[in-house]
Amino acid sequence: MRAIKTLAASALLALAGAGAGTVAQADEPSKLFVSVTSADDHTQFMSMVLANQSMRQGQEIRVLLCGPAATMATEDFEGATMQPADRNAQQLMMNLLNNGATVETCAIFLPNTDYTEADLLDGITPADPEEVGAYMADPNVRFFSN
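Caption draft 1: Up close: the sheet that holds strand 4 (residues 125–126). An order of 4-3-2-1-5 is seen for the five strands of this open sheet, with the pairing classed as parallel. Of all the strands in the sheet, the pair left with one neighbour each is strand 4 and strand 5 (141–145). When strand 3 (residues 102–105) meets strand 4, the two strands line up parallel, connected through two bridges. Paired with Thr105 across the two strands is Pro126, which belongs to strand 4. Of the strands in this sheet, strand 1 (31–36), strand 2 (60–65) and strand 5 are in contact with helix 2 (residues 41–56), which crosses strand 1 at around 170°.

Caption draft 2: Here's a closer look at the nonpolar core. Counting residues in each nonpolar core, the largest one holds 39 residues, and the members touching the most others are Met48, Ile61, Val63, Leu65, Met93 and Leu96. Elements with a contribution of two residues or more to this core: strand 1, helix 2, strand 2, helix 3 (89–98) and helix 4 (129–137).

Caption draft 3: View of the packing of aromatic side chains. This model, assessed by the stated rule, comprises three aromatic pairs. Seen in terms of ring centroids, Phe33 and Tyr135 are 6.2 Å apart; in terms of plane orientation they differ by 50°. Their pairing is tilted. Residue Phe33 is found in strand 1, and its partner Tyr135 is found in helix 4; the two are separated by 102 residues along the sequence. Classification of Phe33 by relative accessible area gives buried; the value is 4%. Take Tyr135: its relative accessible area is 10%, and that puts it in the buried class. Among the aromatic residues, ring-to-ring pairing joins Phe33, Tyr135 and Phe143 into one connected group. Just above the ring of Tyr135 sits the side chain of Arg62; from NZ or CZ to the centre is 4.8 Å.

Caption draft 4: Broad picture of helix 2. The end-to-end C-alpha distance of helix 2, which contains 16 residues, comes to 23 Å, matching closely the 22 Å that a straight helix rising 1.5 Å per residue would cover. Every buried residue of helix 2 is accounted for by Gln44, Phe45, Ser47, Met48, Val49, Ala51, Asn52, Gln53, Ser54 and Met55. A side-chain oxygen of the first residue of helix 2 lies 3.2 Å from the backbone nitrogen of His42; this N-cap is Asp40.

Caption draft 5: Examining the packing of helix 2 against helix 3 more closely. As a packed pair, helix 2 and helix 3 sit with axes 8 Å apart at the nearest point and diverge in direction by 25°. What the angle tells us is that helix 2 and helix 3 run roughly parallel. Of the two possible hands of crossing, helix 2 and helix 3 adopt the one that is left-handed. Contacts between helix 2 and helix 3 pair Gln44, Phe45, Met48, Val49, Ala51, Asn52 and Met55 from the former with Ala89, Leu92, Met93, Asn95 and Leu96 from the latter. Residues of the contact of helix 2 with helix 3, tallied by class, amount to nine nonpolar, three polar and no charged.

Scoring rules and cut-offs
Residues numbered from 1 in each chain as written. Predicted model: local features only at pLDDT ≥ 70, side-chain atom pairs only at ≥ 80, totals over all residues. Heavy atoms only, no water. Pairing = 2+ DSSP bridges. Helix = DSSP H or I, 4+ residues; strand = E, 2+ residues; numbered from the N terminus. Contact = heavy atoms within 4.5 Å. Axes fitted to C-alpha atoms, helices over the stretch in contact; angles between N-to-C directions. Core = buried A, V, L, I, M, F, W, Y, C linked by side-chain atoms within 4.5 Å. Buried < 20%, exposed > 50% of the residue type's maximum accessible area, 1.4 Å probe, protein only. Phe/Tyr/Trp six-rings, centres within 6.5 Å; stacked < 30°, edge-to-face > 60°. Lys NZ or Arg CZ within 6 Å of the ring centre and 35° of its normal. Expected span 1.5 Å × (residues − 1). Polar contact = N/O pair within 3.5 Å; in protein donor to acceptor, adjacent residues only side chain to side chain. Parallel < 35°, antiparallel > 145°, perpendicular 65-115°, else oblique. Left-handed = near helix turned anticlockwise from the far one by under 90°. Nonpolar A, V, L, I, M, F, W, Y, C, P; charged D, E, K, R; others polar.

Printed below as a string of structure tokens:
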């Protein structure tokens, strides 16, 4: 348990900008595709912590929210506030969006729920599968999924 708390604290310090970042080398992937499907608060939060840290390291970030995680894109999100950040996963996701990341819901989220595009937070759109597939085929893209 102590190791988990130490890891979380380290990640949050990095998120807060406490550490000096390095930019990816030209021959390394420069984009990160983050796919989040989990309903678990800790998983959602840590995914957003790592995506924010990757952005600080110079990565272009694209987030795809599917399944239970897609509610992060709506005002109905009820994610737990995590310590020591005193924020939830949606707040970290909005930081990504406000700093240039692309955040989308999977294409099947809206047609298979009671949500409409009007229910999505500003700046979040349904994904176009063809466009996402092309992005994923880019050799400069790393993948992170949970």
